[in-house]
Amino acid sequence: IAELETSSSICAGVVFWGGSRASQPLKPPCRPGFTQSFYTVIVSRDVLHGQSILKVKFEYCQRSREVGFVSNDPNFSVRPDGTVYAEQEVANLSEPVQFMVTARGLHDPHIWETTVKLALAGHPHPLALTKGQTHYHFSCPRVIKFSRKHQRSSSANGLRRQKRDWVIPPINVPENSRGPFPHMLVRIRSDQDKDVGIRYSITGAGADQPPSGIYNIDPISGNMFVTQPLDREERASFHLRAHAVDMNGNQVENPIDLYIYVIDMNDNRPEFQNQVYNGSVAEGSKPGSSVMQVTATDSDDSTTANGMVRYRILSQTPHSPIPNMFTINSETGDIVTVAAGLDREKVSQYTIIVQATDMEGNLNFGLSNTATALISITDINDNPPELTVRTFSGEVPENKVNVVVTNLTVVDRDQPHSPNWNAVYRIVSGDPSGHFTIRTNPITNEGMLTVVKPVDFEMNRAFMLTVVVSNQAHLASGIQSSLQSTAGVTISVQDVNEPPVFPVNPKTIRFEEGVPAGTTLTVFAAQDPDHFIHQIVRYSKLSDPANWLKINRTNGQITTMALLDRESMYVKNNVYEATFLAFDNGSPQASGTGTLQIYLIDVNDNAPVLVPREAQVCERARPNSRVNITASDADADPNVGPFVFELPSFPASVRRNWTISRLSGDYAQLRLRIPYLEASVYEIPIIVSDSGNPPLSNRSVIRVKVCPCDDNGDCSATGAVAAAGLGTGAIIAILICIIILLSMVLLFVVWMKRREKERQAKPLLIDPEDDVRDNILKYDEEGGGEEDQDYDLSQLQQPESLDHIINKPAGVRRVDERPVIAESQYPIRPSLPHPGDIGDFINDGLRAADNDPTAPPYDSLLVFDYEGSGSTAGSVSSLNSISSGDQDYDYLNDWGPRFKKLADLYGGGDDD
């Protein structure tokens, strides 16, 4: 809702409105360059070839007119007079087009730029301009007038028609303008300013709201200014409202909306997301294989050429096999291969320098940036492994395993320590028994031919193997195996002295036990496998736990030295085992061991033994008062049960009191024959016979305790003791001893408690003999030599009289001698002094002690003992001063206040 007026008077800064005329200001100093920094033209969708679109104006300012104009869009060109025209027919122009026109002096290094934007007729655009209309920036400020609603009478009945309002076009301000600032943009005015005083103001973000201060307005003239350069990347548009009020603040006009768009300039370089990109492609890839993508962004307007980025490759390192192995999509940044011949074994990595340029890649006007693309060539298995020689050789001693015979060396140019490089070896012929295998060394990739099954020189003196090597990964398509992937291996077997071998080991024989000593059991002979060497085999005994056997040293004959007993502790499961040694006379000597197992057949040579040997029954015959008995036999079946149990006929009391009944083949039952038997311990003999042929019998004794029983059939305690053989007198004696022992313990406890109470009652009393006060303690004398005994004890003895002290010259007295003077009389403290007299008593005692000359320490001359002559220490008298009496002590004044007294005494000079 505003009206736009453009005229020469407005461009000159003078506005004629409603017949009034303002004074004309001074012209600003002339600056060479385009008169406008941005042109916007509305054109039709079809632009014909050679059709003029607009004419850009250039201010020469007394300079030479030799200036050339260039457009960065190949579809448009500029004539020398500044006319912009279509270079070719541009049909179906569906989007706005923006390009830059550059002026360059032919003899001047300066460059000037302006931007041209072609808007489509009928296409919605923020600039509401008519066809062919050009919007001027900074050079032609506009006047925006508040619209008035013009009304006129259409008929006598008062019908009125309102004039149509104008749509205010937006204000376009280029970013990064160099000023000068503040720079006038438009003028706001009301047609009522002729009648009343008007005050103008603007509100909104950029004026009175953050970011405030970018735009301001002269409240009287209505001139609106921009105060600083703008940055489209920070803010692309502003929405302000203009207000007009009278001097009293009353609204005169309705507010109008002002839209300010910041026109983008190419002031930002493309920025790569990373300075270094890492990509990879397999070697041998076909042209067109994708490698990687690089991306750069431009902060400028992406709908204009300022923000349209294009990519290109500047360099490739190395130039092998050709300098241009890769290409890049100029719009997307995708890098692909354009030629075949990628070989990792020749070039493992390429370094590509990629350049991103805005202005759609125009190197003359666009801004550029670079990044590095590191392309790694990944390995494929295009190189088969090749053995270094056609024939390998080695030797191995017989009967050895896990021995490396030889190392098979191989060469593979693929990536080390990868499946394409790791070698796999196979033996395809020459080893039907599987004596050898080939393990791969993971570090060197060599094949270690190893013995896994012992070889015998007497069977095979040499082996001829055929070995094939391949990779863990299959060869790439089209790659054939090399003839050098196959080689032969010759292995020589070395003969060694093998130990004698027992044909049957262990050897088992069967004999009855009880074979007498000197019986030949068998011949346990060994064979020497070294058929091509004649050697003598000798034998010795290695292990014979029971020492029953001996072996003939020459022929290996086994003979018994003692009776063989199947029931021996050395026989396990009827088998006795002994070990023998066979050795030859080779160099070095070799020996082998053989085990002889003797299965001993049982004979009936052990009589059965009664089990159990002790039992107890009730003195009165009861159904449950019985003893089950059985027997054990060290022999084996059939020389064991069923057993036969019977009571002997002598003594007759056994069969009279007891009876045995058979339960089964191995068990019988012993019980009382009579109703009652006196409690006691009875030894009952029983004869047990086994089922051997002939049978063996044994007379065994079982101790049976007969005791009184309770209702449950268990022996009572008294009865058990009685049954054990203790009489009533013995039981009473035991009880008396227990009572006496308990009484002694009780008396001792009582005495200890009484002694503890006495100690607690008199804690300060001690035994006289433990009191060491006022006693002379005599310690053991540790006598020394003769030199230790030459001393005078008279100085330590108490003198009998004081004559030598009294007659002593005055002025000389020992420090430990007490003066012979009447002792002072100290005040006597009363037994119950009054509390008020304590102070007086203390003061009297203090005065007496101060006036007592006999109180130590004695104020007398100290006389020290003479230490004798011959002392290595010098005399103290030799420590005299070497300085004369004229010494100057004035320096003591400089030592501070602590030495002031000495300075006063000695630093007085001659006057002192």
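Residues numbered from 1 in each chain as written. Predicted model: local features only at pLDDT ≥ 70, side-chain atom pairs only at ≥ 80, totals over all residues. Heavy atoms only, no water.

Digging into the overall build of the chain
Right, on to step 1. Along the chain, the regular secondary structure elements total seven helices and 53 strands.
Right, on to step 2. Contacts in the chain between residues at least 24 apart in sequence constitute 66% of all its contacts with a sequence separation of at least 6.
Right, on to step 3. Counting every atom, the chain has about 56200 Å² of accessible surface; 51% of that belongs to carbon and sulfur. (Helix = DSSP H or I, 4+ residues; strand = E, 2+ residues; numbered from the N terminus. Contact = heavy atoms within 4.5 Å. Areas by Shrake-Rupley, 256 points an atom, 1.4 Å probe, with all protein chains shown as cover.)

Comments concerning the sheet that holds strand β53 (residues 697-707)
Right, on to step 1. The strand order across the open sheet formed by four strands is β47-β53-β52-β49, and the pairing between neighbours is mixed. Of all the strands in the sheet, just β47 (614-618) and β49 (644-646) have a single pairing partner and so form its edges. Looking at each pair of strands side by side, their axes are set apart by 35 degrees on average, direction ignored.
Right, on to step 2. Inspection of the sheet shows strand β52 (residues 680-689) paired to β53 by ten bridges, in the antiparallel sense. Among the inter-strand pairings, Val688 is bridged to a residue of β53, identified as Asn698. (Pairing = 2+ DSSP bridges. Axes fitted to C-alpha atoms, helices over the stretch in contact; angles between N-to-C directions.)

Comments concerning a nonpolar patch on the surface
Right, on to step 1. A cluster of nonpolar side chains, namely Leu741, Val745, Phe748, Val749, Trp751 and Met752, defines an oily patch on the protein surface of about 600 Å² accessible area.
Right, on to step 2. On the secondary structure map, Val749 appears in helix α4 (residues 728-761).
Right, on to step 3. Note on Val749: relative accessible area 37%, which makes it partly exposed. (Patch = residues over 30% accessible without salt bridge, like charges linked within 9 Å, V, L, I, M, F, W, Y side chains within 5 Å. Salt bridge = Lys/Arg side-chain N within 4 Å of Asp/Glu carboxyl O. Buried < 20%, exposed > 50% of the residue type's maximum accessible area, 1.4 Å probe, protein only.)

Re the sheet that holds strand β19 (residues 237-245)
Right, on to step 1. As summarised here, the arrangement of the four strands in space is β14-β20-β19-β16, forming an open sheet in which the pairing is mixed. Both outer strands of the open sheet, β14 (171-174) and β16 (199-203), are each paired with one neighbouring strand and no more. Geometrically, the sheet is characterised by an average inter-axis angle of 30 degrees between neighbouring strands, direction not taken into account.
Right, on to step 2. Sheet analysis places β14 next to strand β20 (residues 251-263), joined by four bridges and oriented parallel. Directly across from Pro174, in β20, lies its bridge partner Ile263.

Regarding unusual backbone geometry
Right, on to step 1. Note that the residue after Ser320, namely Pro321, is joined by a cis bond; omega there is 0 degrees.
Right, on to step 2. As for its placement among the helices and strands, Pro321 is situated in the loop between β25 (310-317) and β26 (326-328).
Right, on to step 3. In the segment running from Asn505 into Pro506, the intervening peptide bond is cis, with an omega of 0 degrees.
Right, on to step 4. The topology assignment puts Pro506 in the loop between β38 (486-494) and β39 (507-512).
Right, on to step 5. For His417, which is not glycine, the phi dihedral falls at a positive 60 degrees.
Right, on to step 6. By the secondary structure assignment, His417 is in the loop between β33 (410-411) and β34 (423-429).
Right, on to step 7. Look at Asn574: it is not a glycine, yet its phi comes out positive at around 70 degrees.
Right, on to step 8. On the secondary structure map, Asn574 appears in the loop between β43 (557-560) and β44 (575-584).

Examining the nonpolar core
Right, on to step 1. Among the nonpolar cores identified, the biggest contains 25 residues, and Ile188, Ile202, Tyr215, Met224, Leu240, Leu258 and Ile260 are the most heavily contacted of them.
Right, on to step 2. For this core, the secondary-structure elements that each account for two or more residues are β14, β15 (183-189), β16, β17 (215-217), β18 (223-226), β19 and β20.
Right, on to step 3. Among the elements that make up this core, the one with the highest residue count is β20 (five residues).
Right, on to step 4. Leave out the neighbours within four places in its chain, and Leu258 touches Ile144, Ile188, Met224, Phe238, His239, Leu240 and Ala242.
Right, on to step 5. Counting residues in hydrophobic clusters, the runner-up holds 24 residues, among them Tyr277, Met325, Val347 and Ala373. (Core = buried A, V, L, I, M, F, W, Y, C linked by side-chain atoms within 4.5 Å.)

Some words on the UniProt feature "transmembrane region" (unreviewed entry) in the chain
Right, on to step 1. UniProt records the feature "transmembrane region" (unreviewed entry) for residues 730-752 in the present numbering.
Right, on to step 2. The span residues 730-752 shows a helical share of 100% and a strand share of 0%, and its end C-alpha atoms are spaced 34 Å apart. (UniProt positions renumbered as here; feature names shortened; annotations may be inferred.)

Thoughts on the state of the cysteines
Right, on to step 1. Throughout the structure, instances matching the rule amount to two disulfides.
Right, on to step 2. Covalent S-S linkage joins Cys618 and Cys709, the inter-sulfur distance amounting to 1.9 Å. Its S-S torsion of approximately -105 degrees makes the covalent link between Cys618 and Cys709 left-handed. Separated by 91 residues along the polypeptide, Cys618 in strand β47 and Cys709 in the loop between β53 and α3 (717-723) bring together distant segments of the chain. Cys709 shares its class with Cys618; the two are buried.
Right, on to step 3. A disulfide bridge connects Cys707 with Cys715, and the sulfur atoms are separated by 1.6 Å.
Right, on to step 4. The class of Cys707 is buried, set by a relative accessible area of 1%. (Disulfide = S-S within 2.5 Å.)

Regarding the pattern of salt bridges
Right, on to step 1. By the definition in use, this model includes twelve salt bridges.
Right, on to step 2. For the salt bridge of Arg310 with Glu360, the shortest nitrogen-to-oxygen distance reads 3.8 Å. Of this pair, Arg310 sits in strand β25 while Glu360 sits in the loop between β28 (349-357) and β29 (368-378), and the two are 50 residues apart along the sequence.
Right, on to step 3. What makes Glu360 partly exposed here is its relative accessible area of 41%.
Right, on to step 4. What emerges from the salt-bridge pattern is a single network uniting Arg232, Glu233 and Asp264.

Focus: the packing of aromatic side chains
What characterises a pair of aromatic rings is the spacing of the ring centres plus the angle enclosed by the ring planes.
Right, on to step 1. According to the stated counting rule, one finds 15 aromatic pairs in the structure shown.
Right, on to step 2. Here the aromatic rings of Phe34 and Phe69 are separated by 6.0 Å at their centres, their planes lie at 50 degrees, and the arrangement is tilted. Placement of Phe34 in strand β2 (residues 33-34) and of Phe69 in strand β6 (residues 67-71) is noted, with a sequence separation of 35 residues between them.
Right, on to step 3. A relative accessible area of 14% places Phe34 in the buried class.
Right, on to step 4. Owing to a relative accessible area of 10%, Phe69 belongs among the buried residues under this scheme.
Right, on to step 5. The interplanar angle of 75 degrees and the centroid separation of 5.1 Å between the aromatic rings of Tyr215 and Phe238 together place this pair among those described as edge-to-face. Placement of Tyr215 in strand β17 and of Phe238 in strand β19 is noted, with a sequence separation of 23 residues between them.
Right, on to step 6. An aromatic cluster of three or more residues is present, and its members are Phe34, Phe58, Phe69 and Trp112.
Right, on to step 7. The cationic tip of Arg79 hangs over the ring face of Tyr85; the distance from NZ or CZ to the ring centre is 4.0 Å. (Phe/Tyr/Trp six-rings, centres within 6.5 Å; stacked < 30°, edge-to-face > 60°. Lys NZ or Arg CZ within 6 Å of the ring centre and 35° of its normal.)

Concerning the environment of Thr440
Right, on to step 1. Within the secondary structure, Thr440 is located in strand β35 (residues 436-440).
Right, on to step 2. The exposure class assigned to Thr440 is partly exposed, which follows from its relative accessible area of 29%.
Right, on to step 3. At a separation of 2.9 Å, a polar atom in the side chain of Thr440 contacts the main-chain carbonyl oxygen of Ala423. (Polar contact = N/O pair within 3.5 Å; in protein donor to acceptor, adjacent residues only side chain to side chain.)

Some details on the pairing of β38
Right, on to step 1. Only one face of β38 is buried, namely the one carrying Ala487, Val489, Ile491 and Val493, since none of Thr486, Gly488, Thr490, Ser492 and Gln494 on the opposite face is buried.
Right, on to step 2. Examined bridge by bridge, strand β31 (residues 391-397) and β38 share seven bridges and lie parallel to one another. Looking at β38, one finds that Gly394 is bridged to Ile491.
Right, on to step 3. For strand β37 (residues 462-471) and β38, the ladder comprises seven bridges, and the chain directions are antiparallel. Counterpart to Leu465 in the pairing with β38 is Val489.

Looking at the side chain of Asn72
Right, on to step 1. Assignment of secondary structure puts Asn72 in the loop between β6 and β7 (76-78).
Right, on to step 2. Among the polar contacts made by the side chain of Asn72, one reaches the main-chain amide nitrogen of Met100 at a distance of 2.8 Å.
Right, on to step 3. Here Asn72 is in contact with Phe99, Met100, Met359, Asn362 and Phe365, once residues within four sequence places are set aside.

Side note on the environment of His110
Right, on to step 1. If you trace the backbone, His110 turns up in the loop between β9 (97-105) and β10 (111-120).
Right, on to step 2. The spacing of His110 and Gly33 is 77 residues in sequence and 9.7 Å in space, taken between C-alpha atoms.
Right, on to step 3. When neighbours within four sequence positions are excluded, His110 is seen to be in contact with Ala103, Arg104 and Gly105.

Regarding the pairing of β35
Right, on to step 1. Where β35 meets strand β36 (residues 447-451), five bridges bridge the pair, whose relative direction is antiparallel. Within β36, the position partnered with Arg439 by the bridge is Met448.
Right, on to step 2. The turn linking β35 back onto β36 is made up of six residues, and Asn445 within it adopts a positive phi angle of 70 degrees.

Quick look at the confidence of the model for the chain
Right, on to step 1. When pLDDT is averaged along the chain, the result is 78; 76% of the residues meet or exceed 70.
Right, on to step 2. Of all helices and strands in the chain, the one with the weakest mean pLDDT is helix α1 (residues 8-11) (30), whereas strand β27 (residues 334-337) scores best (96).
Right, on to step 3. Residue range residues 124-140 is modelled with pLDDT below 50. Its contacts to residues more than four positions away, or to other chains, number 52 contacts.
Right, on to step 4. Per-residue pLDDT stays below 50 along residues 149-166; that stretch engages in 17 contacts with residues further than four places along the chain or on separate chains. (pLDDT = per-residue confidence, 0-100.)

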